[in-house]
Every structure is written in structure tokens, then in C-alpha cells.
Amino acid sequence: MSANVILKKGEGRTLKAGGAWIYDNEIDKIEGEFKNGDMVFVSDFDGYPMGQGFINTRSKITVRIMTRKKDTVVDDAFIEMRVRDAWEYRKTTVDTSSCRLIFGEADFLPGIVIDKFSDVLVVESLALGIDRFKPVILDKLKKVLAEDGISIRGVYERSDAKVRLQEGMERVKGFIGEPFDTKVEIVENGVRYMVDVQDGQKTGFFLDQKYNRLAIQRLCKDKNNRRAVGRLAAGKTVLDCFTHTGSFALNAGIAGAASVLGVDASELGIAQARENAELNGLSDRVTFQCADVFDLLPELEQKGEKFDVVILDPPAFTKSRSSIKNAVKGYREINLRGMKLVKDGGYLATCSCSHFMDPELFTKTIREAAANVHKRLRQVEYRTQAADHPIHI
């Protein structure tokens, strides 16, 4: 490594605040030779060392920082240290039977995500530099897991996101190593799922909602079963919107809800949801419908349908700051529609996975929706992603 990236005066504010990215417009000059994907030094305008990271001039995120120390050697031992730290953290904070093992920048390995579904790993690599470290990261991860008696039978790559094109990389999907059955059964919160790591969304299953799904059990428990997880009421009727493969719906069903309807526009998702309901012996109480939620909710309202619990977990309505106004309209609309279907004294569980929809704006949007339909709300709790998806602050 011989190149040195020098920042403009006054730039690098994100980096100095604890971030890991350096954008192309923050760079004054690059001294020395390099190839995209190489490790480089980073210095402030006055020569102060800012760390080391890998470079890609084809990306607006030109450098992603691997270490803040200028003298650290980023080698196999360094990678093992990062991987080991990530695993030890998860053993302390979450159920590790299925979890996110590596969460990119939050685990100081920028640009890579690795999920564990039982004894299968799914990797998503989104940056050129980290792609070169991918074999080492996987080898070290298998080694660290083996030390705790965990044997990995297969690895599947889901590096097929469009963002790879912005890095000058091809979209990649397939086995790393020997092929295996890509339908993997997992158990989460006592619910069984078949996860399709090959064709499911992203890495196959949304692990970030693990404990939010568990919270739904508390709203839907069977009060006649004193040992059931929960505390609030029995025999609930539940509407789960944007159900994907049925995860919230199944948590409601297994906790004792009288009837649950899960809705999603994806035929593949609904087929998987029905399979999961059958797997858990819940097909009699948990049913699924393939429909556009925005179309179905007004229809249910016209029919006079009401539910004890309404769950809204839509996809991201915005992925950029420029479209946030339209996203607010979307969240307001879906929430006021959902509120109209909640019985008096019932519960609304509403979610946003839009990065630019911060908690204050989301709460304000919910409040506006409630005012529009003349509903009074009490906040039961405000939750976020599971601890295996740590948040940089």
C-alpha cells in the first residue's frame, strides 16, 4: 500500500464524527499509485493521519475505512480479530441460532453482511475492497464458530443488489463451495420457518425484526394458557399487512390469536407464508391473501371489518432524502387506513424501514394520521432493530 488520500480543508466531517465513508467530493488529491480495491492511507488536509481504508474511484463513496490507526496491518489476523469481536458481541446480546453475524460498518467491516440461518451462511458483499477480503472473512468466521461447536454446512452468496453496479462490480448469486439445499428451516421465538436463501428477499429473511415479532406475541396471547409468552389479551383478531413470508402473522397465531389474516402483494411470499403456517400447524387460524395492501384496506373498511391488532410493516417508501415528502404521504396514508380498521381499545403495530424517516418524523406522521381519522393514541412502546443489527451513533 503506497497511496495516500488527502482530504480538502474542512471536509471529512462524517469520518471525524465516527463514520466510515469518504465521498469523492471530500478529496483534495491522491498521492501515489493504487488500483481500485486497494488499501490506502487517509490524511487530513494538514497531514494528520485519519486511518486506512479501501479505495474505489468508480464509487461516490471513494474510501471505506477499515481502521483508524495508521500503523495497523490489515491482514488475516486483523480480519480474524474483527470477526471474533462481532461473534462475541452477538453471543452476549441475541439468540444466535439464526442471526446477523456481520453487519458491515457497524462491525467495522464496511460493505459486507453475513447472516446465519441455522447451519447455513448467506453473504452479501457490496463494495469492491471488501469483496477481496470476502474469502478470508468467511474462513475466519467458520473457524470462530467451530470453536463454539458450530459447523457450517454451506455458504450462499446473495451479492445481487443493484448497488454493486455503482461500484463497477457485477451482480453475483450462487454457492460458495459445495451446493446444498437452499430451503433452510429455522426456529425463531418458537416459530418454525422455511427460509429460501436462494430466491427470498435480500438474504432470505428479515432478521432485524426478531424481537419486534416476539413483542406481537404479548399482544395476542391466549390468556387461558398461563405459560404463554405475553400479558395482554386472548382470542385476538389480527391483520398483518405486508406480511412477506408471514412472520408477524405466525407470531400472533402461535401466541393464541383467534384468527389472523396476512396480506402481501408477492405471490412467492404468500406461498412461503402458507407453507410456514402449515409447518407450525396454524393453517386453520392463520390465513394469507395475495393483494395490494393499499387497495385491500379500503375494501375491508367498506365491509365494516375491524381487528384487535393491525400490523403495518411496509417496504421502504424512500431510499433518498429527496423523496422524503412523498414517503411521508405514503406512511400517513397507510397508517390512517390501518387505524380505521382497529377496534376501540385495540393495538396498532406500525413500522418503517426507511433510513431517512427518522423517529421524530415517523412519530409526527403517525400523529397526523390519527388526527385525520379522529383517533386518540397511547404509545405502548417504541422499538427498533434487533441487537445483531447494531446502530452507529
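Above this note sits the structure.
The numbers attached to residues start from 1 for each chain and follow its sequence in the written order. In keeping with the predicted nature of the model, local features appear solely for residues at pLDDT of at least 70, side-chain atom pairs appear and are counted solely at 80 or more, and the whole-chain, interface and lining totals rest on all residues. Hydrogens and water are ignored here; the side-chain numbers use all heavy atoms of the structure.

Asker: I'd like to hear about the nonpolar core, residue by residue, with values.
Answerer: Among the buried residues, those of types Ala, Val, Leu, Ile, Met, Phe, Trp, Tyr and Cys that are joined through side-chain atoms within 4.5 Å form a nonpolar core. Think of it in three bands: residues with accessible area under 20% of the maximum for their type are buried, residues over 50% are exposed, and the middle band is partly exposed, with areas taken using a 1.4 Å probe on protein chains only. If you look at the biggest cluster of nonpolar residues, it comprises 33 residues, and the most contacted ones within it are Phe117, Ile216, Cys220 and Val238. At the level of elements, strand E9 (120-125), strand E12 (183-188), strand E13 (191-196), helix H5 (210-220), helix H6 (247-255), helix H7 (267-279), strand E16 (286-290) and strand E17 (307-312) are the ones that each hand at least two residues to this core. The dominant element in this core, judged by the number of residues it contributes, is H6, at five residues. Met39, Phe78, Ile130 and Ile137 belong to the second largest nonpolar core, which has 29 residues in total. A run of DSSP states H or I qualifies as a helix once it reaches four residues; a run of E qualifies as a strand once it reaches two. Both are numbered from the N-terminal end.

Asker: Outline the packing of helix H8 (residues 293-302) against helix H9 (residues 324-339), listing residues and values.
Answerer: All axes here are fitted lines through C-alpha atoms, helices being fitted over the stretch that makes contact, and every angle between N-to-C directions spans 0 to 180 degrees. Interhelical geometry of H8 versus H9 gives an angle of 30 degrees and a closest axis separation of 9 Å. Our classification of the angle between H8 and H9 gives roughly parallel. Regarding H8 and H9, the two cross each other, and that crossing is left-handed. Contacts between H8 and H9 pair Val293, Phe294, Leu297, Pro298 and Glu301 from the former with Gly330, Glu333, Ile334, Arg337 and Gly338 from the latter. In this classification, Asp, Glu, Lys and Arg are treated as charged, Ala, Val, Leu, Ile, Met, Phe, Trp, Tyr, Cys and Pro as nonpolar, and every other residue, Gly included, as polar. Across the contact of H8 with H9, the residue classes tally to five nonpolar, two polar and three charged. Note that the term roughly parallel is reserved for angles under 35 degrees, roughly antiparallel for angles over 145, roughly perpendicular for angles of 65 to 115, and oblique for everything else. Handedness of each helix crossing follows the sense of rotation of the near helix against the far helix: counterclockwise by less than a right angle gives left-handed, clockwise gives right-handed. The contact definition used throughout considers only heavy atoms, calling two residues in contact when any of these lie within 4.5 Å.

Asker: For the packing of aromatic side chains, give the residues involved together with the corresponding values.
Answerer: Stacked, edge-to-face and tilted labels apply to pairs of Phe, Tyr and Trp rings (six-membered ring for Trp) whose centres lie within 6.5 Å, assigned for plane angles under 30 degrees, over 60, and everything in between, in that order. If you walk through the whole model with that rule in mind, you get six aromatic pairs. Ring geometry for Phe175 and Phe180: centres 5.1 Å apart, planes at 75 degrees, overall edge-to-face. Overall, the relative accessible area of 34% leaves Phe175 in the partly exposed class. Exposure remark for Phe180: the relative accessible area of 13% places this residue in the buried category. When the centroid spacing of 4.9 Å and the interplanar angle of 55 degrees are considered together, the rings of Tyr193 and Phe205 count as tilted. With a gap of twelve residues between them, Tyr193 in strand E13 and Phe205 in the loop between E13 and H5 connect regions that are remote in the sequence. We classify Tyr193 as buried; its relative accessible area is 0%. Here the aromatic cluster, defined as three or more aromatic residues joined through ring pairs, consists of Tyr156, Phe175 and Phe180.

Asker: Give a detailed account of the sheet that holds strand E4 (residues 39-43), specifying residues and quantitative values.
Answerer: Think of it this way: DSSP has to see at least two bridges between two strands before they count as a pair. Strand order in the open sheet formed by six strands is E2-E6-E5-E4-E1-E3, and the pairing between neighbours is mixed. On the outer flanks of this sheet lie strand E2 (21-23) and strand E3 (27-31), each paired with one strand and no other. Between one strand axis and the next, the sheet turns through 35 degrees on average, direction left out of account.

Asker: Tell me about the pairing of strand E7 (residues 98-103), and please be specific about residues and values.
Answerer: In terms of burial, E7 is largely enclosed, as five of its six residues are buried. Two strands pair when backbone bridges link them, and E7 and strand E8 (residues 112-117) are joined in this way by five bridges, in the antiparallel orientation. Opposite Ser98, over in E8, you have Phe117 as the bridge partner.

Asker: Please provide a residue-by-residue account of helix H2 (residues 76-93), values included.
Answerer: With 18 residues, H2 should reach 26 Å at 1.5 Å per residue; the first-to-last C-alpha distance of 26 Å fits that figure. Those residues of H2 that fall on the buried side of the exposure criterion are Phe78, Ile79, Glu80, Arg82, Val83, Ala86, Trp87 and Arg90. On its buried side, H2 packs onto strand E6 (61-67), E7 and helix H3 (128-147). A 3.5 Å cut-off defines polar contacts: any pair of N or O atoms within that distance qualifies, except that in protein one atom must be a possible hydrogen donor and the other a possible acceptor, and neighbouring residues in sequence count only when both atoms are side-chain atoms. Backbone nitrogen of Ala77 and a side-chain oxygen of the N-cap are separated by 3.2 Å at the start of H2; the cap is Asp75. Expected helix span is taken as 1.5 Å per residue step, with the number of steps being one fewer than the number of residues.

Asker: I'd like to hear about the sheet that holds E8, residue by residue, with values.
Answerer: Sheet strands line up and pair through hydrogen bonds in the backbone, either parallel or antiparallel. Here five strands make up an open sheet; going across it, the order is E7-E8-E9-E10-E11 and the pairing mixed. In this open sheet, the two strands that pair with only one neighbour each are E7 and strand E11 (172-176). If you compare each strand with its neighbour and ignore which way they point, the axes differ by 15 degrees on average. Each of E7, E8, E9, strand E10 (154-159) and E11 touches H3; the most contacted strand, E9, lies at about 160 degrees to it.

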